[in-house]
Amino acid sequence: MKKLILLCSLITVNMIFAQEIIPTFLEKWKNSKDYLIEVGQAMPEDKYDFKPTEREMTFGKQLLHIKANMDWLSSTYFTNSPKKEKEVDQKLSKAEIIAELEKSFDAVYEIINKTDPKKLNENVDFFAGPKTRYQILNLLQDHVTHHRGQILVYLNLNGVKPPKYTGW
């Protein structure tokens, strides 16, 4: 009987935890969007081709890379219609890049908002081995943070003061 009560308790706690993950992610996602858009706005358009070393992506390409990764992860692992890789015009203006980025952030928000929390524990095939959708959710945010950190350095290298950090 004690084992049954423990098992039921664990299942209940897990379900409650899973239901809190999505609203928590979405709150952070909105703040992440707002902050990255501010970072993108801070860089002058004539510096969107800046890259600190030859092997780095330009500032603009970093933003387009973030967008492409968000599109791929959200559609492939959270919808039934994975996005096909499409070549993004690398010659977009600053305003066009920011608009594309905003559109992708909003699409991810809608996709995750419609995700059944019970599906977060399901494994998916990922190039780095099987992962849960919860892990993919973390990767979505981690990837944005990783590249945003890089472009904050780009701002500083160009004498542009980065926007004040927005966390939660």
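Quick note: structure is the one above.
Residues numbered from 1 in each chain as written. Predicted model: local features only at pLDDT ≥ 70, side-chain atom pairs only at ≥ 80, totals over all residues. Heavy atoms only, no water.

As a further point, take the overall build of the protein chain. Helix and strand counts for the protein chain come out as four helices and two strands. Reading the protein chain from its N terminus to its C terminus gives the helix and strand order α-α-α-β-β-α. When each of the 168 residues of the protein chain is scored for burial, the buried share is 38%. Carbon and sulfur atoms make up 56% of the accessible area of the protein chain, which amounts to about 10,300 Å² in all. (Helix = DSSP H or I, 4+ residues; strand = E, 2+ residues; numbered from the N terminus. Buried < 20%, exposed > 50% of the residue type's maximum accessible area, 1.4 Å probe, protein only. Areas by Shrake-Rupley, 256 points an atom, 1.4 Å probe, with all protein chains shown as cover.)

Viewed as axis vectors pointing N to C, helix 2 (residues 59-78) and helix 4 (residues 133-157) meet at an angle of 175°, and their least axial separation amounts to 10 Å. Classified by the angle between their axes, helix 2 and helix 4 sit roughly antiparallel to one another. Taken together, the residues that form the contact of helix 2 with helix 4 break down as 15 nonpolar, seven polar and two charged. (Axes fitted to C-alpha atoms, helices over the stretch in contact; angles between N-to-C directions. Parallel < 35°, antiparallel > 145°, perpendicular 65-115°, else oblique. Nonpolar A, V, L, I, M, F, W, Y, C, P; charged D, E, K, R; others polar.)

Okay, helix 3 (residues 94-113) next. Over its 20 residues, helix 3 runs 28 Å from end to end, which matches the ideal 28 Å to within 8%, given 1.5 Å per residue. Turning to helix 3, its buried residues number three or more, namely Lys94, Ile97, Ile98, Leu101, Ser104, Phe105, Val108 and Ile112. The arc that holds every buried residue of helix 3, seen down its axis, measures 125°, which confines them to one face. Within helix 3, the exposed residues directed more than 90 degrees away from the buried face are Ala95 and Lys103. (Expected span 1.5 Å × (residues − 1). Arc of directions from axis to C-beta.)

Right, let's talk about helix 4 for a bit. Relative to the 36 Å expected for 25 residues at 1.5 Å per residue, helix 4 spans 37 Å between its end C-alpha atoms, a close match to the ideal helical length. Once helix 4 finishes, Gly159 follows within two positions and takes phi at roughly 70°, a positive value.

Within this structure, the stated rule accounts for seven salt bridges. Between Lys30 and Asp34 there is a salt bridge; the shortest N-O distance is 2.9 Å. With Lys30 and Asp34 both in helix 1 (residues 2-42), this residue pair falls four residues apart, about one helical turn. The partly exposed category is assigned to Asp34, whose relative accessible area is 29%. (Salt bridge = Lys/Arg side-chain N within 4 Å of Asp/Glu carboxyl O.)

Here the second largest pocket is characterised by a volume of approximately 230 Å³. What lines the second largest pocket is simply Thr76, Tyr77, Phe78, Thr79, Asn80, Glu110, Ile111, Lys114, Thr115, Asp116, Lys119 and Arg133. Looking at the lining of the second largest pocket, the elements that each hand over two or more residues are helix 2 and helix 3. Here the lining of the second largest pocket takes three residues from helix 2, the largest share from any one element. (1 Å grid on protein atoms, 1.4 Å probe; cavity = no way out; pocket = protein on both sides within 12 Å on 5 of 7 lines; lining within 4 Å. Points joined across faces, edges and corners; volume = space filled by probe spheres on them.)

This part is about the packing of aromatic side chains. Evaluated as defined, the whole model comprises 11 aromatic pairs. Their ring planes at 35° and their centres at 6.4 Å tell us that Trp72 and Phe127 sit as a pair that is tilted. Placement of the pair is Trp72 in helix 2 and Phe127 in the loop between strand 1 (123-124) and strand 2 (131-132), with a sequence separation of 55 residues. An aromatic cluster of three or more residues is present, and its members are Tyr48, Phe50, Phe59 and Tyr154. (Phe/Tyr/Trp six-rings, centres within 6.5 Å; stacked < 30°, edge-to-face > 60°.)

What follows is about the side chain of Thr132. If you trace the backbone, Thr132 turns up in strand 2. Judged by relative accessible area, Thr132 falls into the buried class, the value being 18%. Non-local contacts of Thr132, meaning those with residues more than four positions away in its chain, are made with Leu120, Asn121, Glu122 and Asn123. (Contact = heavy atoms within 4.5 Å.)

This next bit is on the environment of Trp72. The class of Trp72 is partly exposed, set by a relative accessible area of 24%. Separated by 68 residues in the primary sequence, Trp72 and Leu140 have C-alpha atoms spaced 9.7 Å apart.

It is worth stressing that arrangement in space is one thing and function is another; only the former is reported here.
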